[in-house]
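# Fold and contact review
Given next are the chains, with one letter for each unit.
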Amino acid sequence: MPAVSKGDGMRGLAVFISDIRNCKSKEAEIKRINKELANIRSKFKGDKALDGYSKKKYVCKLLFIFLLGHDIDFGHMEAVNLLSSNKYTEKQIGYLFISVLVNSNSELIRLINNAIKNDLASRNPTFMCLALHCIANVGSREMGEAFAADIPRILVAGDSMDSVKQSAALCLLRLYKASPDLVPMGEWTARVVHLLNDQHMGVVTAAVSLITCLCKKNPDDFKTCISLAVSRLSRIVSSASTDLQDYTYYFVPAPWLSVKLLRLLQCYPPPEDAAVKGRLVECLETVLNKAQEPPKSKKVQHSNAKNAILFETISLIIHYDSEPNLLVRACNQLGQFLQHRETNLRYLALESMCTLASSEFSHEAVKTHIDTVINALKTERDVSVRQRAADLLYAMCDRSNAKQIVSEMLRYLETADYAIREEIVLKVAILAEKYAVDYSWYVDTILNLIRIAGDYVSEEVWYRVLQIVTNRDDVQGYAAKTVFEALQAPACHENMVKVGGYILGEFGNLIAGDPRSSPPVQFSLLHSKFHLCSVATRALLLSTYIKFINLFPETKATIQGVLRAGSQLRNADVELQQRAVEYLTLSSVASTDVLATVLEEMPPFPERESSILAKLKRKKGPGAASALDDGRRDASSNDINGGVEPTPSTVSTPSPSADLLGLRAAPPPAAPQAPAGAGNLLVDVSSDGPVAQPGLGPTPEEAFLSELEPPAPESPMALLADPAPAADPGPEDFGSPIPEADELLNKFVCKNNGVLFENQLLQIGVKSEFRQNLGRMYLFYGNKTSVQFQSFTPTVVHPGDLQTHILLAWPSPLAPGLPSWDEMDPGRDPSSALLPESLSAS
Amino acid sequence: MKGRSEEPWPGGSMRFMLLFSRQGKLRLQKWYLATSDKERKKMVRELMQVVLARKPKMCSFLEWRDLKVVYKRYASLYFCCAIEGQDNELITLELIHRYVELLDKYFGSVCELDIIFNFEKAYFILDEFLMGGDVQDTSKKSVLKAIEQADLLQEEDESPRSVLEEMGLA
């Protein structure tokens, strides 16, 4: 058809469009556009007021330029002006412009809303429809606020024309979707339901769309629509094709309306009224019957429309899930479609069957088609169809066909599109776990997954296999053997190394007897992959190596050699370096027993829901609850760090009246005399300095051996007769340190905070911070009794050459109550002693 | 298909409709959801690539992002609708066909050029047919009647102009 606009005009526009099309290059196009923009700008700014026609033309040009992809930053005002024109076409262009180029300028919005308001009130149906359209097109919250109250009125007003009612219904629908709170239910809802009986099919169609949306949040308000919908549907389905005239589409009566009615019915459970239900069932059966009849037309439009209704009917049947007869019929119908010539129908049948598969009534019926589906998976040329087939296999999987389906899916995985691999991996992993009777099959399947699509095997999947192998004794040996063999492949995926590394580290002993998988062989196999792996994998392997040292002492020297290598000890990555250093030291320092305890086999993981399912839900759709295994352990960390955590012990049970800190005990021989009272005392936190604690019994134990006469509880003063030095309970150079002394003290090599000392009466904790050569320590005293300590005075002793600076608030009462160490704030808590000290390097 | 009870807006909706040529030129874009310009351009680019890569024998539906795309080629133009996951695909296919029929009736054997030079009419016809992504009226007659009425109004509005006047040279 010619390049001239129909219905006349705007030749200037046509010329402009021609010019653009004739531009030979992008630059030429931009040049032409800029020229036009300049022209339009000048026209808009010009002194002469533009007439409506010209304005319309220029606004249209701007619109065209915008739709080409260029930004437009002016013209809104002129477009808004067009809205107030009385000429329909000018209004139309104005509305089109502002609904395409939405502007959030509040002044403009005000003007636009004004124009809309005028048009809505104009009683001219064409103008009203234009306005309603604009509201629906823009659908912004501001528009909703301005008009949401008016639309329902217009919709149900008796004198509204059909076209206006149609538009109002859909406009309201759009506003409701955007801002449901702005459209409260009211009297109008009953009348909207009544529109289902309208004689104008367009009005009915629009009303059905509206009700379908509204009834989701307000089901009771619209419940009466069910019977109306059923009778309407029934009339359409059983009508001859000549009845509905205009609304018959290629010999199919009112397909859109039928589909919408079927959709509306899916918002509710099956009708309670027996008559209504009977009528509906009859209707559904008619649809199913018609599908078997020869088509009235060869045109694809006819069959599409007919099948659209059929598929929606099947959806409804599936939704009800209560009529076994219908469900089986639906399944059979879909089964026929599975082999249909038309790709679209095969696609839709596969998709629809997925939902059928989960219904108990039809699950078995669906399974009968397994061979067709597998065939589709193998032979369909269209990847979308293949994917539907894979989905259906997943849905129809149960114990009887799990092995077959999993193997088909694995085969499919080998050639699948990269975009869908991860999903298939997750599904196979889920199926393998769910239906595993024999766990060696499960292990094989997962290892196959890694082999075929290693990149797409996410953490959740291989963590899971490790969890399961750890928890099931019967499969551990098999897993070790299989993974060992898998690792021998020349190019094996890094995930395989991770899984293999972990499994051999835990269960390598189960295959160590066989010379082909002896410990040195296992180690060198793993180590041959070491340098090819990422940091995370190498970290895991290092943990495996220390486990090997424990399991296979004969490998100790070799492995230590590896750990000792500069590339490990001075590795740029902190985690690797730390592991190498710590593991090396652990292997040298720890006795065999300790090593064995530290590197004991991992205990079974607690049973929890598989995170794989959660991940699949996240991939597949929004709104799925993320049931991630938050307790899931990092398989590569063996909790070696922080493994031995000594707790300060309450060594003995002194009576409340006993000397708290053994104050009256004889000072240990090596301890120098400490001056009484607070002041220049220092606690040496470093492990190798002699710590002088006069009066401080070397150990709580000792202190309480030399118990003094118990003073009366009413005179707490007696408890604290002497100045008490600060607590360092167990320095090594005292006579007989308590067994825990080492640990108690050594703990503070690594830790800055914690409980330093504790017995029945007192708990002493420390919080320290250090920067370069300066340090600061806070000591906290907790009174474990129920009486207050009066004049509690701690004393601190230090070797001479360390400078100190002590700030104390002593003596002062120490009220009962243990502080919570985590919350201890030196500034806040009055019962704590503050001992900020500066140490200069000695 | 997703279970119906899970959908956010039952009845589903069309998110947008695009018309583009085999060379990737966009001829019409109608958006039924609020998105930024930048996001729209991105979606258009992406989707065009996906659809143009499809082979002739493939089915008319594909999954893209969290939507379903229904598309059909008419001569040199691809008509592409993005619908929500639970919408009825076949009826959307026929919706596209109905739109093409309307264009055809209006322009008389419509071709891409008609849509290029009368883009605003293409939008008007689409707006008569769909509102907010939903079918307004499925009667071909009604829709065409409404459009023709609008044209009549336009002719009434317009007083004849000379070509010179039109070019702003008179």
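Bear in mind that the values here come from a model prediction, so they are computed numbers and not experimental data.

Right, let's get into the overall build of chain B. A count of helices and strands for chain B gives six helices and seven strands. Starting at the N terminus and walking to the C terminus, you meet the elements of chain B as β-β-α-β-β-β-α-α-α-β-β-α-α. Burial statistics for chain B: of 170 residues in total, 60% are counted as buried. Looking at chain B alone, contacts between residues at least 24 apart form 50% of all its contacts between residues at least 6 apart.

Residue and element names in this part refer to chain A. The first and last C-alpha atoms of helix α16 (residues 300–320) sit 30 Å apart over 21 residues, in line with the 30 Å expected at 1.5 Å per residue. Among the 21 residues that make up α16, 18 are buried, leaving the element largely enclosed by the rest of the structure. D321 sits one or two residues past α16 and shows a positive phi near 50°.

For the rest of this paragraph, the subject is the pattern of salt bridges. As enumerated under the stated definition, the model contains 46 salt bridges over all chains in all. The salt bridge partner of E112 of chain B is R27 of chain B, with a shortest N-O separation of 2.8 Å. Of the two residues, E112 of chain B is situated in helix α3 (residues 112–117) and R27 of chain B in strand β2 (residues 26–31); the sequence distance between them amounts to 85 residues. Taking the relative accessible area as the measure of exposure, R27 of chain B reaches 18% and is therefore buried. The structure contains a network of salt bridges with shared partners spanning R388, D391, E423 and K427 of chain A together with E63 of chain B.

With that settled, the discussion passes to the environment of D593 of chain A. Within the fold, D593 of chain A resides in helix α33 (residues 592–598). For D593 of chain A and Y583 of chain A, which are ten residues apart along the polypeptide, the C-alpha to C-alpha distance reads 15 Å.

Further remarks concern the pairing of strand β4 (residues 753–758) of chain A. Look at any regular strand and the pattern is simple: side chains alternate between the two faces of the sheet. All names here are of chain A. Of the strand pairs in this sheet, β4 and strand β5 (residues 762–771) are connected by five bridges, and their pairing is antiparallel. Of the residues in β5, the one forming a bridge with N753 is K767. Counting the residues that bridge the hairpin from β4 to β5 gives three residues.

On to the environment of T379 of chain A, then. Residues and elements named next belong to chain A. Relative to the helices and strands, T379 is located in helix α20 (residues 370–379). Put simply, T379 and R451 are 72 residues apart on the chain and 24 Å apart in space, counted from C-alpha to C-alpha. Among the polar contacts made by the side chain of T379, one reaches the main-chain carbonyl oxygen of N375 at a distance of 2.7 Å.

Where interface size is quoted, it is often the accessible area lost as the parts come together. Contacts between the two partners involve 88 residues from chain A and, on the opposite side, 76 residues from chain B. Both sides together, the interface formed by chain A and chain B hides about 7500 Å², and carbon and sulfur atoms give 54% of it. The partner of D382 of chain A in a salt bridge is R54 of chain B, and the shortest N-O contact between them spans 3.1 Å. Put simply, chain A and chain B have 22 residue pairs in polar contact (both at pLDDT 80 or more) between them. Of the residues that constitute the side of chain A that touches chain B, the class distribution is 40 nonpolar, 27 polar and 21 charged.

Our focus in this paragraph is the packing of aromatic side chains. In this description, an aromatic ring pair is defined by two values, namely the gap between the centres and the angle between the planes. The tally for this structure, following the rule as stated, stands at 20 aromatic pairs over all chains. Against the face of F127 of chain A rests K91 of chain A, its NZ or CZ located 4.5 Å from the ring centre.

For the rest of this paragraph, the subject is the packing of helix α7 (residues 125–138) of chain A against helix α10 (residues 162–178) of chain A. Helix packing for two helices is described by the angle between their axes and how far apart those axes are. Residue and element names in this part refer to chain A. Where α7 meets α10, the axes come as close as 9 Å, and the angle between the chain directions of the two elements is 15°. Overall, the two elements α7 and α10 adopt an arrangement that is roughly parallel. The handedness of the crossing between α7 and α10 comes out as left-handed. Touching P125, M128, C129, L132, I135, A136, N137 and V138 of α7 are S163, V164, S167, A168, C171, R174 and L175, all from α10. Of the residues belonging to the contact of α7 with α10, the class tally is eleven nonpolar, three polar and one charged.

Annotation from UniProt places "domain: AP complex mu/sigma subunit" (unreviewed entry) at residues 14–153 of chain B. Structurally, residues 14–153 of chain B comprises 47% helix and 26% strand, and the distance from its first C-alpha atom to its last is 31 Å.

Turning our attention to the confidence of the model for chain A. Chain-level pLDDT for chain A is 78 on average; 78% of the residues reach the 70-or-more range. Confidence drops under pLDDT 50 across residues 821–842 of chain A; counting only partners more than four residues distant or on other chains, this segment forms 66 contacts.

Our focus in this paragraph is the nonpolar core. Of all hydrophobic cores here, the largest spans 274 residues; its most connected members are I116 of chain A together with Y99 of chain B. Both domain 1 (10–101) and domain 2 (419–620) of chain A contribute no fewer than three residues apiece to this core. With sequence-adjacent residues up to four places away left out, I116 of chain A is seen in contact with Y95, A131, C134, I135, M143 and F147 of chain A. F20, W31, L62 and C80 of chain B belong to the second largest nonpolar core, which has 18 residues in total.

This part is about the state of the cysteines. Here a disulfide denotes a covalent bond joining the sulfur atom of one cysteine to the sulfur atom of another. Residue and element names in this part refer to chain A. Using the criterion set out here, one finds zero disulfides over all chains in the structure. For C283, which is in no disulfide, the shortest distance to another cysteine sulfur is to C225 and amounts to 15 Å. Cysteine C397 is unpaired, with the sulfur of C354 as its nearest cysteine sulfur at 12 Å.

Looking now at the packing of helix α24 (residues 439–453) of chain A against helix α26 (residues 473–487) of chain A. All names here are of chain A. Between α24 and α26, the shortest axis-to-axis distance is 9 Å and the interhelical angle comes to 30°. By the angle between their axes, α24 is roughly parallel relative to α26. Where α24 crosses over α26, the handedness of that crossing is right-handed. In contact with Y439, S440, V443, D444 and L447 of α24, α26 contributes V475, Y478, A479, T482 and V483.

This brings us to the sheet that holds strand β4 (residues 67–74) of chain B. Residues and elements named next belong to chain B. If you trace the five strands from one edge of the open sheet to the other, you get β2-β1-β5-β4-β3, paired in antiparallel fashion. For this open sheet the edge positions go to β2 and β3 (61–64), each flanked by a neighbour on one side alone. Between one strand axis and the next, the sheet turns through 20° on average, direction left out of account. Judged from the four bridges that link them, β3 and β4 form a sheet pairing that is antiparallel. Residue pairing in the sheet places F61 in a bridge with V70 of β4.

Right, let's talk about unusual backbone geometry for a bit. Backbone phi values are negative for most residues with the exception of glycine, while trans is the configuration of most peptide bonds. All names here are of chain A. Phi at Y250 is positive, roughly 50°, even though this residue is not glycine. Along the chain, Y250 turns up in the loop between β1 (248–249) and β2 (252–253). Since its relative accessible area comes to 22%, Y250 is described here as partly exposed. Here the phi dihedral of F251 falls at roughly 70°; this positive angle occurs in a residue that is not glycine.

A word on helix α18 (residues 343–357) of chain A. Think of an α-helix as 3.6 residues a turn; residues three or four steps apart then line up on the same face. Taking 1.5 Å of rise per residue, the 15 residues of α18 of chain A would be expected to cover 21 Å, and the 21 Å separating its terminal C-alpha atoms lies within 8% of that figure. For α18 of chain A, a buried count of 15 out of 15 residues is recorded, marking the element as mostly surrounded by other parts of the structure.

Here is what the cut-offs are and how they apply
- Residues numbered from 1 in each chain as written.
- Chains lettered and ligands numbered in written order.
- Predicted model: local features only at pLDDT ≥ 70, side-chain atom pairs only at ≥ 80, totals over all residues.
- Heavy atoms only, no water.
- Helix = DSSP H or I, 4+ residues; strand = E, 2+ residues; numbered from the N terminus.
- Buried < 20%, exposed > 50% of the residue type's maximum accessible area, 1.4 Å probe, protein only.
- Contact = heavy atoms within 4.5 Å.
- Expected span 1.5 Å × (residues − 1).
- Salt bridge = Lys/Arg side-chain N within 4 Å of Asp/Glu carboxyl O.
- Pairing = 2+ DSSP bridges.
- Polar contact = N/O pair within 3.5 Å; in protein donor to acceptor, adjacent residues only side chain to side chain.
- Buried area = accessible area lost by both parts, 1.4 Å probe.
- Nonpolar A, V, L, I, M, F, W, Y, C, P; charged D, E, K, R; others polar.
- Phe/Tyr/Trp six-rings, centres within 6.5 Å; stacked < 30°, edge-to-face > 60°.
- Lys NZ or Arg CZ within 6 Å of the ring centre and 35° of its normal.
- Axes fitted to C-alpha atoms, helices over the stretch in contact; angles between N-to-C directions.
- Parallel < 35°, antiparallel > 145°, perpendicular 65-115°, else oblique.
- Left-handed = near helix turned anticlockwise from the far one by under 90°.
- UniProt positions renumbered as here; feature names shortened; annotations may be inferred.
- pLDDT = per-residue confidence, 0-100.
- Core = buried A, V, L, I, M, F, W, Y, C linked by side-chain atoms within 4.5 Å.
- Domains from an automatic or database assignment.
- Disulfide = S-S within 2.5 Å.

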